[in-house]
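# Examining the three-dimensional arrangement
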Amino acid sequence: MQLNGAGWRTWQDFKADQQELVLPAGTAAHIPVTIRYIDRGEARLGTVLLMHGIPTWGYLYHAVIPPLVQVGYRVLAPDFLGHGWSDRRDRFDRSFQDQARMITALLAALNLQQVDVVGHDTGGAVALILAIEHPAVVNRLVITNSVCYDRFDDDMLDFGHPLRWKPRPVSDLVAALEESLAAGLSNPDRLTSEFRAGMIAPWASEEGKLSLLRNASALNANQTMALVDRHGDIAAPTLVLWGMDDPWQKAEDGRQLASEIPGARFQPIEGASHWIQQDAPEQFSQALVEFLASH
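The structure contained in this document is the topic of the report that follows.

Here is what the cut-offs are and how they apply
- Numbering of residues begins from 1 in every chain and follows the order in which that chain's sequence is written.
- Reporting in this predicted model follows two pLDDT cut-offs: at least 70 for local features of residues, and 80 or more for side-chain atom pairs to be given and counted; totals over whole chains, interfaces and linings ignore these cut-offs and use all residues.
- By convention in this description, side-chain values take in all heavy atoms of the structure and omit both hydrogens and water.
- Relative accessibility thresholds used throughout: buried, under 20% of the residue-type maximum; exposed, over 50%; partly exposed, between the two (1.4 Å probe, protein chains only).
- Strands here are runs of E lasting at least two residues and helices are runs of H or I lasting at least four, both read from the DSSP assignment and numbered beginning at the N terminus.
- Any two strands are treated as partners once DSSP identifies two or more bridges connecting them.
- Remark: nonpolar core denotes a set of buried residues (Ala, Val, Leu, Ile, Met, Phe, Trp, Tyr, Cys) joined through side-chain atoms within 4.5 Å.
- The criterion for an aromatic pair is that two Phe, Tyr or Trp rings (for Trp, the six-membered ring) have centres within 6.5 Å, with stacked assigned to planes under 30 degrees apart, edge-to-face to planes over 60 apart and tilted to the rest.
- Lysine and arginine charges are scored as sitting over a ring when NZ or CZ, respectively, is within 6 Å of the ring centre and within 35 degrees of the ring normal.
- A fitted line through C-alpha atoms represents every axis, and for helices the fit uses only the stretch in contact; the resulting angles, taken between N-to-C directions, go from 0 to 180 degrees.
- Whether two residues are in contact is decided by their heavy atoms, any of which lying within 4.5 Å being enough.
- Just so you know how the angles are binned, under 35 degrees is roughly parallel, over 145 roughly antiparallel, 65 to 115 roughly perpendicular, and the rest oblique.
- Left-handed describes a crossing in which the near helix is turned anticlockwise from the far one by less than a right angle; the clockwise case is right-handed.
- Three residue categories are used. Nonpolar comprises Ala, Val, Leu, Ile, Met, Phe, Trp, Tyr, Cys and Pro, charged comprises Asp, Glu, Lys and Arg, and polar comprises the others, including Gly.
- The term salt bridge refers to a side-chain nitrogen of Lys or Arg lying within 4 Å of a carboxyl oxygen of Asp or Glu.

Of all the 8 residues making up strand β2 (residues 33-40), 6 are buried; the element is thus mostly covered by neighbouring parts of the structure. Strand direction decides the pairing type here: strand β1 (residues 19-23) and β2, joined by 5 bridges, are antiparallel. Of the residues in β2, the one forming a bridge with Q19 is Y37. Pairing geometry for β2 and strand β4 (residues 74-78), over 4 bridges, is antiparallel. Paired with Y37 across the two strands is P78, which belongs to β4.

All right, on to the nonpolar core then. Counting residues in each nonpolar core, the largest one holds 104 residues, and the members touching the most others are L50, M51, I65, M102, V117, L141 and F159. Among the elements that make up this core, the one with the highest residue count is helix α4 (residues 122-133) (8 residues).

Now for the packing of aromatic side chains. Following the criterion strictly, the structure yields 11 aromatic pairs and no others. Taking the centre distance of 5.6 Å and the plane angle of 80° together, the rings of F14 and W57 count as edge-to-face. Of this pair, F14 sits in helix α1 (residues 11-17) while W57 sits in the loop between β3 (47-51) and α2 (65-71), and the two are 43 residues apart along the sequence. According to the relative accessible area criterion, F14 is buried, its value standing at 0%. With relative accessibility at 0%, the residue W57 sits in the buried group. Ring geometry for F159 and W165: centres 4.9 Å apart, planes at 75°, overall edge-to-face. Look at W165 and you get buried, because its relative accessible area is 3%. An aromatic cluster of three or more residues is present, and its members are W8, W11, F14, W57, Y59 and W85. Residue placement shows K15 over the ring face of W85; its charged tip is 3.7 Å from the ring centre. The residue whose ring lies beneath R168 is W165, and the NZ or CZ to ring-centre distance is 4.0 Å.

Time to look at the sheet that holds β2. A sheet is described by the order of its strands in space; here 8 strands give the open sequence β1-β2-β4-β3-β5-β6-β7-β8, paired in mixed fashion. Both outer strands of the open sheet, β1 and β8 (265-269), are each paired with one neighbouring strand and no more. On average, adjacent strands in this sheet sit at an angle of 25° to one another, irrespective of strand direction. Direction of pairing for strand β5 (residues 115-121) relative to strand β6 (residues 138-146): parallel, over a ladder of 6 bridges. Looking at β6, one finds that H120 is bridged to T144. Along the sheet face, α4 touches β3, β5 and β6 and points at about 145° away from the line of β5.

At a minimum axis separation of 10 Å, helix α7 (residues 170-183) and helix α9 (residues 206-217) run at an interaxial angle of 55°. As far as their axial angle goes, α9 and α7 are oblique. By crossing handedness, the relation of α7 to α9 is classed as left-handed. Contacts between α7 and α9 involve V170, L173 and L177 from the first element and E206, K209 and L212 from the second. Residue composition of the contact of α7 with α9, by class: 4 nonpolar, no polar and 2 charged.

Moving on to the packing of helix α3 (residues 96-109) against α4. Two numbers describe how α3 lies on α4: the axes approach to 9 Å, and their chain directions differ by 65°. When the interaxial angle is binned, α3 and α4 end up roughly perpendicular. With respect to the hand of their crossing, α3 and α4 are arranged in right-handed fashion. Contacts from F96, Q97, Q99, A100, I103 and T104 of α3 reach α4 at T122, A125, V126, I129, L130 and E133.

Following the criterion strictly, the structure yields 14 salt bridges and no others. Of the charged contacts, one joins R36 and E20 as a salt bridge, the two residues approaching to 3.4 Å between their closest N and O atoms. In this pair, R36 is assigned in strand β2 and E20 in strand β1, connecting sequence segments 16 residues apart. The buried category is assigned to R36, whose relative accessible area is 14%. Where D90 meets R214, a salt bridge forms, and the shortest distance between an N and an O atom there is 2.8 Å. Here R214 lies in helix α9 and D90 lies in the loop between β4 and α3, a separation of 124 residues in the sequence. Put simply, R151, E252 and D253 are held in one network by salt bridges that share partners.

Put into structure tokens, the structure is as follows:
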């Protein structure tokens, strides 16, 4: 339940506010798959697509969505395949290319021809694929603390070893995720009990644990390195927005990416780390609104 446009009290409220859509077989996967997503606001200024990464879901943007809605955007925040509360069955791939395929199928199902795309972490890799391979869909592009080139978080890569992790209890996975959440915030006070609970909730079961392991096993630097020679093909106005304290996706990657995308601008956010939407939500929201308004 959204509260007067101001946000959600709990992650459970956010989850309850998600809509659900089944994408037919042959669109996002070889079987029908169910996608959960937030859809809020009127598209007076356009539609903004917010894409999370691993190990997060749409709730990562819970503090960012209301400001965008309030200034006049329709906002979509889907959970990727195998992430959050979208389909988590062990029956389909979760690669960056497959997530991009899911997004294009979702947009088609919603009759959306063009959106402003924001991609964080692995969602940034998906955003780059969309901008390169589906340019008509991408009006404006924001890449933030993204997986790019061949720099991947060792903790997430470790989760991708099923023989190592499948026998371990869910509590071990939860403990590792708690460490990751803390390591990706510059401001310890932003690691609230609600944020912690919301980020961990999808994975705190055997089904969730297996889905996260499958998501992690799909991480593949070949897919990001295959984009490098094509960064220069991106035509959408682009902002590369970076929390400068990120221990995993380093600022030099963001600067290099901005230098390779024609006309792209690199904008640092000091005093913020990887989970920038939670670490510095006001600065993040303001940067998005200003960039979108300037193009």
